[in-house]
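# Per-entry structural report
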Amino acid sequence: MGSLITYSAIAAKFAAMRGHFLTDDEFSVLAGMENVPAAVEYLKSSPAYRDVFSGVENEELHRSKIEELLWHSLYGDFSRLFRFANGTQRKFLDLYFLHFEIDVMKRCLRDAVSGKRSDLNFKSFEPFFRKHSHLDFTALTDSKDLDEYLDSIQNTPYYGPLKDLRDQGITSLSEFESALDILYFIRFWKSLKDQLSKDDREAIADCAGEKIDLLNIEWLARAKRHYKLSADAIMELLIPVWHRLKKSQARELAEAPSIEEFDRILKGTRYGNRIFRASGEQQENPELHSLFRALLDAVYSKSGRNDPYSAAALNSYFYFKEEEIRKIITTVEGIRYSLGSSEILTCLAES
């Protein structure tokens, strides 16, 4: 699967970039730094983060600034690969960009719903986003409430569904974020089939499909354990894309009268053995979020390894780059709050 000729050059490029990922030993050293400035100095020794942290003063090292710089490194990787890519590869990269677009929309949404202007410094991201998106991100970051946020996304595919929620009197952040997630995955899945070659589509379908299935299972479990919702209401929360988890199985899970029955039904799905084997055979009601992250790690790693000359390798690279950034943010915040290195490493293992 995949094309050696089409992907050989760019595969060498992102293989070299992947070589800059932090190792477990390097995370252990980072977790042992005595303060945030020392942690940032350590990150400057990494080729992946040297440039983005260059010239940053200690007084600038608050959480939002560090996160902004780390995301800059991701966008920089995307831009370098996009410049290096041919037309076939750019089709996938354009599709993957939807993920970045939704992420920024959700970050601005959180601020708008809480009634404050976003502290996201979009000017630093603007050149990157202007090349790939038609959204007005300046208006998004300037939004001080939900009405202004919705005004900023008029004439986009996101406006109608979010406006419908507001018109129904729904203003919950979780409801709006779920709506954005659903819109993203529907659009991604449709574009996957319509825009990519057969080889590229098949190479990443499992990753995308399993991610959707696992998110749906996680949301089903959360709804059953923490909320008193009807089966129909629970089904409305799910991404309406069915890969290895069938819609009929999701309906059974939504209708389960108890957590014990939910777990019994879940064990009978394609994912059941993997979930309960990974959590321990005797453990009922396993903690799904961290478990699913481990399952996705395995899926993306296998996909990139099995199809190194396809979009799967690009997809895998960006997944693990984002995971690394998430781990760095967790580590630096642990240092900021004076956690010990062992506590920080435990948090990384469990998150």
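Our structure is the block above this text.
No experiment lies behind these values; they were computed from the predicted model shown.

Once that is clear, we can look at the overall build of the protein chain. For the protein chain, the count of helices and strands is 19 helices and 0 strands. A compact globule built from 351 residues should have a C-alpha radius of gyration of about 20 Å, and the protein chain, at 21 Å, falls within 12% of that. Dimensions of the protein chain, computed from C-alpha atoms along their principal axes, come out at roughly 55 × 50 × 45 Å. Looking at the protein chain as a whole, 50% of its 351 residues are labelled buried. Sequence separation of at least 24 residues holds for 65% of the intrachain contacts in the protein chain that already meet a minimum separation of 6. Taken together, the 47 basic and 55 acidic charged side chains of the protein chain have centroids lying 4 Å from each other.

Applying the stated criterion across every chain yields a total of 27 salt bridges. Among the ionic pairs, Lys190 bridges to Asp194, the shortest N-O distance being 2.8 Å. Of this pair, Lys190 and Asp194 both sit in helix α11 (residues 173-195), 4 residues apart, which is roughly one turn of that helix. By the burial criterion, Lys190 is exposed, and Asp194 matches it. Taking the shortest distance from any N to any O, the salt bridge between Glu261 and Arg264 comes out at 2.6 Å. Linking Glu261 with Arg264, this pair stays in helix α15 (residues 259-267), spanning 3 residues, or about one helical turn. Using a relative accessible area of 24% as the deciding quantity, one classes Glu261 as partly exposed. Here Arg264 falls in the partly exposed class, since its relative accessible area comes to 49%. Via salt bridges that share partners, Arg63, Glu67, Glu333 and Arg336 belong to a single interconnected network.

Taking 1.5 Å of rise per residue, 26 residues should cover 38 Å, and helix α18 (residues 311-336) covers 38 Å from first to last C-alpha, within 8% of that figure. Burial of α18 is extensive: 22 of the 26 residues sit out of reach of the surface. Two residues or fewer past α18, Ser338 is found with a positive phi of approximately 60 degrees.

A ring pair, where both rings are aromatic, is described by two values, the distance of the centres and the angle of the planes. Applying the stated criterion across every chain yields a total of 24 aromatic pairs. Ring plane angle 50 degrees and centroid distance 4.7 Å describe the contact between Phe129 and Phe137, whose orientation is recorded as tilted. There is no split in this pair, since Phe129 and Phe137 are both buried. Lying across the ring of Phe84, Lys13 places its NZ or CZ 5.7 Å from the centre. In this structure, Lys327 packs its charged tip against the face of Phe27, placed 4.5 Å from the ring centre.

The next subject is helix α17 (residues 288-306). Owing to its 3.6 residues per turn, the α-helix brings residues three or four apart onto one side. Given a rise of 1.5 Å per residue, 19 residues ought to cover 27 Å, and the 26 Å separating the end C-alpha atoms of α17 matches this to within 8%. All of the buried residues along α17 are Leu288, Leu291, Phe292, Arg293, Leu295, Leu296, Val299, Tyr300, Ser303 and Gly304.

We now examine the environment of Ala233. Along the polypeptide, Ala233 turns up in helix α13 (residues 231-237). Judged by its relative accessible area of 29%, Ala233 falls in the partly exposed class. Counting along the chain gives 21 residues from Ala233 to Ala254, while the straight-line C-alpha distance between them is 8.9 Å.

The next subject is unusual backbone geometry. The phi angle at Asn155 is positive, at roughly 65 degrees, despite the residue not being glycine. Looking at the secondary structure, you find Asn155 in the loop between α9 (146-152) and α10 (159-167). According to the relative accessible area criterion, Asn155 is exposed, its value standing at 83%. Phi is positive for Ser338, close to 60 degrees, though the residue is something other than glycine. With respect to the helices and strands, Ser338 occurs in the loop between α18 and α19 (341-350).

Definitions and limits used
- Residues numbered from 1 in each chain as written.
- Predicted model: local features only at pLDDT ≥ 70, side-chain atom pairs only at ≥ 80, totals over all residues.
- Heavy atoms only, no water.
- Helix = DSSP H or I, 4+ residues; strand = E, 2+ residues; numbered from the N terminus.
- Rg over C-alpha atoms; globule rule 2.2 N^0.38 Å.
- Buried < 20%, exposed > 50% of the residue type's maximum accessible area, 1.4 Å probe, protein only.
- Contact = heavy atoms within 4.5 Å.
- Lys, Arg positive; Asp, Glu negative; His and termini not counted.
- Charge placed at Lys NZ, Arg CZ, Asp CG, Glu CD.
- Salt bridge = Lys/Arg side-chain N within 4 Å of Asp/Glu carboxyl O.
- Expected span 1.5 Å × (residues − 1).
- Phe/Tyr/Trp six-rings, centres within 6.5 Å; stacked < 30°, edge-to-face > 60°.
- Lys NZ or Arg CZ within 6 Å of the ring centre and 35° of its normal.

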